[in-house]
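Commentary on secondary and tertiary structure
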There are 2 protein chains.
Amino acid sequence: MDYKARQERLQTSLHKNRIDALLVTHLSNIRYLCGFTGSAGALLVSESKCVFFTDRRYAEQVKEEVKGAKTIVSPTGPLSSVGEWLKSNWKSRSQRLGIEAESITVGARQRLAKALPRGFLLKASPPLVERARMVKDKNEIGRMRDAARVGAKIFDRALETLRPGISEMEVAGEMEFAARHAGADEMSFPTIIASGKRSALPHGRASQATIPSRGFVVCDFGVILAGYCSDETRTVHVGKPSREAKAAYEAVLAAQEAATKTVKAGITAEEVDAAARKVLKQAGLAGYFTHSTGHGVGLEIHESPRIAAGQKEVLQPGMAITIEPGVYLPGKWGIRIEDTVVVTNHGCEVITPTSKELLVI
Amino acid sequence: MDYKARQERLQTSLHKNRIDALLVTHLSNIRYLCGFTGSAGALLVSESKCVFFTDRRYAEQVKEEVKGAKTIVSPTGPLSSVGEWLKSNWKSRSQRLGIEAESITVGARQRLAKALPRGFLLKASPPLVERARMVKDKNEIGRMRDAARVGAKIFDRALETLRPGISEMEVAGEMEFAARHAGADEMSFPTIIASGKRSALPHGRASQATIPSRGFVVCDFGVILAGYCSDETRTVHVGKPSREAKAAYEAVLAAQEAATKTVKAGITAEEVDAAARKVLKQAGLAGYFTHSTGHGVGLEIHESPRIAAGQKEVLQPGMAITIEPGVYLPGKWGIRIEDTVVVTNHGCEVITPTSKELLVI
């Protein structure tokens, strides 16, 4: 990963965002900028310097991981050592320190303010690193393809396992085991295996409930491979589906495909969302599509942009997003179909390779 | 779980903390107070009311889960609907709204401030719910024992798997699979299997590195069962340990046992930490013990109190804490031994049942 280039791009954007330095505290942003994968740290990026602060637990790890930044290991924790470093090293009269308002807590902000030398001004920064991260480079897209491939592979394991009478958790367990064997760091999120009536819960993570003899099973799963997340959902049907169930599945699939066809550079996020919603409206199911169409994915499972009504973000080549319409009939059943796609100039590359035909088990 | 009693205890503490209501946004605190297990919500607790706000994805789930609180499902998200609710329902002239400074982000605080009716004052609240959560009730201790038992069981699986030449990830995969089979919701944290030189990384999560033919392997693992976390570490040795390695292991074990013996109601957290440190100092290893002795554990893997130097918190019966001294020789090896214990009036109950004798594989 070209950490130096990422740092430089951020450095050149500071001035026009009216800050002299940005204190990066969101862990995925830190990883993106300098490679650190631990759970405690802060990266100070000024126009000429990058300094990474962490605590003693990571003294060894920083040597292996951190690129392009001076590292300071402090016994007192990152925020107070940021203050000390600024005291001795900051030369400019301009002292506007940007903070990441969407990740730093009110408490941490207070502690930071106390630790700063006189004259420093804390300013909520726009999400500069999140914006940079939206567009993936070649290297990142390679990793996302690899992650998506492993994701698809573990779904094959789910299909071998899934049958009436076994628990949702057992299915999830088999998938997670297969993920580890394929080298995944961990799962992107708690695996969702939601069967029968539970499939109507959009976030119904695998439970001790057993797969019923008839009904939909929503399988939403992802792995993290070399830091990058996969995200995919397939819905299968156990037993013979009713005509109504079949029709609803076809409608969700048509919505998913319509949205996917809309994706290309220059289109806005809300246009993609509208394309899915339009198809479901025609099928009389729009009222049951209770979430947005998708989201960015990369180092985190949920990133910018949001693919939702009202989102004016223009898609750019290299953005990785999910397309995942769903319909949920409370107490009855739910269906969701999700691919991860990478935006190109003329369309998109679907990186989740699993078939979307309705599978009857 | 007796949610009503928990809510009432919080309600009676508001006045003396000079707030009229607390907006609970930390998800584990929400779960503790009303049972909700989803990922988006806010619980408003005033002296007479509990109101839970979430978004439409959770419309079904709240019906199953939320106890003792009126629930409001909003299309616009929890924070803005808190504002709307206060507009129509708040009758008192006193309008001091407490926020959880250690969990709410600067950005969320700004959005909340904007959504509030005129006159409301946001005040950083002390960690009222975290303090209540430190002391577990009978029901919770039962769940923690169950989680610890499953945790110990998956370590048995690790021992069956662990041998030179297989990867750390495969060992972790076997443990996670066993955890799922035993009904675990998920792992408490990414499983740490750190072998050979990697054992010197206190947070060396399982990697593709293979177990070497000789050296320590630190295994730090936990499961979440019915919401409650287990946490346990054992260090085994592959091949014959050197005299030095053996002596260091015995020193860490002695430190761990000394600290455990110190634990009882009325003792401060720093006294427990000091007990471990004293033993390692006598062994000439104190400089390699680079983290604190332990932490609270419960709904979250890291909770209050911290068992560290300078921590004056007095231990109370029902607190669940870890005791986990370790020594780490960079580039060479590391050793950590960790139990979870529940504080009692006259000592503590060790709930992690695994033997601590040095196991040679």
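Fair warning: this is a prediction, and the values are worked out from it, not measured in the lab. (Residues numbered from 1 in each chain as written. Chains lettered and ligands numbered in written order. Predicted model: local features only at pLDDT ≥ 70, side-chain atom pairs only at ≥ 80, totals over all residues. Heavy atoms only, no water.)

1. Concerning the sheet that holds strand β12 (residues 232–238) of chain B
Residues and elements named next belong to chain B. Read from one edge to the other, the open sheet built from 3 strands follows the order β8-β9-β12, with strand pairing classed as antiparallel. In this open sheet, the two edge strands, each paired with only one partner strand, are β8 (192–195) and β12. Taking each pair of neighbouring strands and ignoring which way they run, the sheet shows an average axis angle of 15 degrees. Bridge analysis of strand β9 (residues 215–221) against β12 gives 7 bridges, and the strand direction is antiparallel. Bridging across to β12, C219 finds its partner in R234. Its contacts with the sheet put helix α7 (residues 138–161) on β9 and β12, and the angle it makes with β12 is roughly 15 degrees. (Pairing = 2+ DSSP bridges. Helix = DSSP H or I, 4+ residues; strand = E, 2+ residues; numbered from the N terminus. Axes fitted to C-alpha atoms, helices over the stretch in contact; angles between N-to-C directions. Contact = heavy atoms within 4.5 Å.)

2. Quick word on the state of the cysteines
Residues and elements named next belong to chain B. Per the stated rule, a full pass over the model turns up 0 disulfides over all chains. Free cysteine: C229, not disulfide-bonded; nearest cysteine sulfur from C34 at 18 Å. Under the relative-accessibility criterion, C229 is labelled buried at 2%. Of all cysteine sulfurs in the structure, the one in C229 sits closest to C348, which takes part in no disulfide; the separation is 19 Å. (Disulfide = S-S within 2.5 Å. Buried < 20%, exposed > 50% of the residue type's maximum accessible area, 1.4 Å probe, protein only.)

3. What to know about helix α10 (residues 269–282) of chain B
All names here are of chain B. Compared with an ideal rise of 1.5 Å per residue, which puts 14 residues at 20 Å, α10 spans 21 Å between its outermost C-alpha atoms and is within 8% of the ideal. Every buried residue belonging to α10 is among A269, V272, D273, A275, A276, V279 and L280, and all of these are buried. For α10, the angular spread of buried residues about the axis comes to 155 degrees, placing them on one side. In this structure, α10 carries K278, K281 and Q282 as exposed residues pointing more than 90 degrees from its buried face. For α10, the secondary structure elements touched by its buried residues are α9 (243–262), β14 (303–307), β15 (320–323) and β16 (326–329). (Expected span 1.5 Å × (residues − 1). Arc of directions from axis to C-beta.)

4. Here's the deal with the domain arrangement of chain A
Residue and element names in this part refer to chain A. Entries for chain A in the domain assignment read domain 1 (3–131) and domain 2 (138–350). The partner domain 2 presents 6 residues to the 5 residues of domain 1 that form the contact. Across the interface of domain 1 and domain 2, roughly 480 Å² is buried in total on both sides, 49% from carbon and sulfur atoms. Across the domain 1-domain 2 interface, the total number found is 1 salt bridge. Across the salt bridge formed by R6 and E140, the nearest N and O atoms sit 3.7 Å from each other. For the interface between domain 1 and domain 2, the tally reads 1 residue pair in polar contact (both at pLDDT 80 or more). Element by element, the count of residues in the side of domain 1 that touches domain 2 is highest for helix α2 (residues 27–34), at 3 residues. (Domains from an automatic or database assignment. Buried area = accessible area lost by both parts, 1.4 Å probe. Salt bridge = Lys/Arg side-chain N within 4 Å of Asp/Glu carboxyl O. Polar contact = N/O pair within 3.5 Å; in protein donor to acceptor, adjacent residues only side chain to side chain.)

5. A word on the interface of chain A and chain B
Interface size is commonly expressed as the accessible area that is lost once the parts come together. Between chain A and chain B, the contact holds 43 residues from the first and 43 residues from the second. Interface of chain A and chain B: buried area, both sides summed, is about 3,500 Å²; carbon and sulfur atoms make up 56% of it. Together, A:R57, A:V106 and A:R180 form the three largest contributors to the area buried by chain A at its contact with chain B, with a combined 19%. Joining chain A to chain B, the criterion identifies 6 salt bridges. Residue B:R205 is joined to A:E186 by a salt bridge in which the shortest nitrogen-to-oxygen separation is 2.9 Å. Between the two partners, chain A and chain B, sit 13 residue pairs in polar contact (both at pLDDT 80 or more).

6. Considerations on the side chain of B:Q7
With respect to the helices, strands and loops of the structure, B:Q7 is situated in helix α1 (residues 3–14). Setting aside anything within four residues of it in sequence, one finds B:Q7 in contact with B:L33, B:C34, B:C50, B:K67, B:G68 and B:A69.

7. Thoughts on the pairing of β15(B)
Residues and elements named next belong to chain B. A two-sided burial pattern is seen for β15, the buried positions comprising A320 and T322 on one face and I321 and I323 on the other. Pairing between β15 and strand β18 (residues 339–343): 4 bridges, direction antiparallel. When the bridges of β18 are listed, I323 appears paired with D339.

8. Concerning the environment of B:R93
In this structure, B:R93 sits in the loop between α4 (78–89) and β5 (96–100). For B:R93 and B:G119, which are 26 residues apart along the polypeptide, the C-alpha to C-alpha distance reads 8.7 Å.

9. Details of helix α5 (residues 106–115) of chain B
B:V106, B:G107, B:A108, B:L112 and B:A115 are the residues of α5(B) that are buried. Where α5(B) is buried, its residues touch α5 (106–115) of chain A together with β1 (21–24), α4, β5 and β6 (121–125) of chain B.

10. With respect to the relation of the copies chain A and chain B
Between the two copies of the chain lies a rotation about an axis combined with a shift along it. Rotating chain A by 180 degrees and translating it 0.0 Å along the rotation axis places it on chain B, where the RMSD comes to 0.0 Å. Given the turn and translation reported, the copies of this chain are related as if by a two-fold rotation axis. When C-alpha positions in chain A are compared against the rotation axis, the closest is assigned to A:T105, at 2.0 Å. Looking at the interface residues of chain A, 100% of them are also at the interface in chain B, so both copies use one shared face. (Least-squares fit on C-alpha atoms with pLDDT ≥ 70 in both.)

11. Observations concerning the pattern of salt bridges
Opposite charge on two side chains makes pairing possible when the charged atoms of those side chains draw close. Following the criterion strictly, the structure yields 46 salt bridges over all chains and no others. Between A:D55 and A:R57 there is a salt bridge, with the nearest N and O atoms lying 2.9 Å from each other. Residue class for A:D55 comes out buried when judged on its relative accessible area of 14%. With a shortest N-O distance of 2.8 Å, B:K136 and B:E303 are connected by a salt bridge. With B:K136 in the loop between α6 (128–134) and α7 and B:E303 in strand β14, the pair connects residues that are 167 residues apart, well separated along the chain. Side by side, B:K136 and B:E303 carry an identical accessibility label, which is buried.

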